[in-house]
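Understanding the architecture of this molecule
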Amino acid sequence: MTGRVEGKVAFITGAAHGQGRSHAVRLAQEGADIIAIDVCKRVVETSPIPPATPEDLAETANLVKGLNRRIFTAEVDVRNYDDLKAAVDAGVEQLGRLDIIVANAGIGNGGDTLDQCTEHDWQEMMDVNLTGVWKTVKAGVPHIIAGKRGGSIILTSSVGGLKAYPHCGNYVAAKHGVVGIMRSFAVELGQHMIRVNSVHPTHVSTGMIMNEGTWKMFRPDLENPGPDDMAPICQMFHTLPVPWVDAEDISNAVLFLASDEARYVTGVTLPVDAGSCLK
């Protein structure tokens, strides 16, 4: 099956690398043009996760163009509503319409218990992972409504949006909040035939976990741990005998929810979690 989102335009945040790039490429493979934004700089100064760069966003654009699809890119922080709106407005002006929103941009953390979390770390997490999702939909959805063709909105939450983990309570709280945003938008936008759902990945083999800081966090007992050292611990989270999933696995779920195959699917929390929610 090809052309599952043929002729549609998707607005994707956090599109320079990782899951966001994968979503852009997967939707382009199936016929969509792309509005791709990313902050393209470090957001959390203490994070071990490698930040996206302008060159990363340019590479996403090249990959989409290589599929003979059009793409509009901009360096935008999802915390800035005015910049978000300006980017999506410009993208729609260039590409002609908007049908799909994928609110993917987010940050991760880990280490402190919730009672030890600083106000700065709490607020930064909420501003990016929760408020940034709301601002993304707020900026884009008027264009979907104006098109009068219906549409699909997919919000990236996490398994941590469905159950709790220790030492990342601000992340868990924000990702649970994304579910509330999703359900509220699903109720409010249903009259326009706009569907709103969330995806809930487990560990994904992107830079979010594939970095030295995360390896050391999982295996502090080793001097120079690597992914093979972390894998057995990650696998313990899952029912299926795998340590993590790939970005494309999430992208396939996003594609399904964006396509007409899911035309009556709305208000759903879709885990792509190797059975993590069963534990």
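Rules of the game
- Residues numbered from 1 in each chain as written.
- Predicted model: local features only at pLDDT ≥ 70, side-chain atom pairs only at ≥ 80, totals over all residues.
- Heavy atoms only, no water.
- Helix = DSSP H or I, 4+ residues; strand = E, 2+ residues; numbered from the N terminus.
- Polar contact = N/O pair within 3.5 Å; in protein donor to acceptor, adjacent residues only side chain to side chain.
- Disulfide = S-S within 2.5 Å.
- Buried < 20%, exposed > 50% of the residue type's maximum accessible area, 1.4 Å probe, protein only.
- Pairing = 2+ DSSP bridges.
- Right-handed = clockwise from strand over helix to strand, strands pointing away.
- Core = buried A, V, L, I, M, F, W, Y, C linked by side-chain atoms within 4.5 Å.
- Contact = heavy atoms within 4.5 Å.
- Expected span 1.5 Å × (residues − 1).
- Arc of directions from axis to C-beta.
- Phe/Tyr/Trp six-rings, centres within 6.5 Å; stacked < 30°, edge-to-face > 60°.
- Lys NZ or Arg CZ within 6 Å of the ring centre and 35° of its normal.

Relative to the elements of secondary structure, R26 occurs in helix α1 (residues 18–29). In terms of polar contacts, R26 uses its side chain to reach the side chain of Q29, at 3.1 Å.

Moving on: the state of the cysteines. In total, this model carries 0 disulfides according to the counting rule given. Cysteine C168 is unpaired, with the sulfur of C117 as its nearest cysteine sulfur at 10 Å.

The side chains of a regular strand alternate between the sheet's two faces. Burial analysis of strand β5 (residues 151–156) places 6 of its 6 residues in the buried class, the great majority of the element. Burial along β5 is two-sided: the residues G151, I153 and L155 and S152, I154 and T156 are all buried. In this sheet, β5 lies alongside strand β4 (residues 100–103) in parallel orientation, the contact comprising 4 bridges. Note on β5: the bridge partner recorded for V102 is I154. Inspection of the sheet shows β5 paired to strand β6 (residues 194–201) by 6 bridges, in the parallel sense. Paired with G151 across the two strands is I194, which belongs to β6. What joins β5 to β6 is helix α5 (residues 169–189), and the crossover it makes is right-handed.

Moving on, we get to the nonpolar core. Generally speaking, a soluble globular protein has its nonpolar side chains buried in company with each other. Counting residues in each nonpolar core, the largest one holds 44 residues, and the members touching the most others are F11, I35, I37, L98, I153, L155 and V196. With 10 residues, the top contributor of residues to this core is α5. Look past the residues within four positions of L155 in its chain and what remains in contact with it is A103, V133, V137, V178, I181, M182, N197, S198 and V199.

Turning our eyes to something else, we now look at helix α3 (residues 81–95). The end-to-end C-alpha distance of α3, which contains 15 residues, comes to 21 Å, matching closely the 21 Å that a straight helix rising 1.5 Å per residue would cover. Of the positions making up α3, those classed as buried are L84, A87, V88, G91, V92 and L95. In a view along the axis of α3, the buried residues occupy a sector of 130°, so they form one face of it. Those residues of α3 that are exposed and aimed more than 90 degrees away from the buried face are D82 and E93. In this structure, the buried side of α3 is in contact with β1 (9–13), β2 (33–38), β3 (71–75) and α4 (119–147). By the N-cap criterion, in which a side-chain oxygen at the helix start approaches the backbone nitrogen of a residue two or three places on, α3 is capped by N80, the distance to D82 being 3.2 Å. In the stretch just after α3, G96 is the one whose phi turns positive, near 100°.

Taken as a whole and judged by the stated rule, the model has 1 aromatic pair. Between Y165 and F237, the aromatic rings sit 5.7 Å apart at their centres with planes inclined by 55°, giving tilted as the arrangement. Of the two residues, Y165 is situated in the loop between β5 and α5 and F237 in the loop between α7 (227–235) and α8 (247–258); the sequence distance between them amounts to 72 residues. Note on F237: relative accessible area 26%, which makes it partly exposed. One cation-aromatic arrangement involves K138 over Y81; the distance from NZ or CZ to the ring centre is 5.5 Å.

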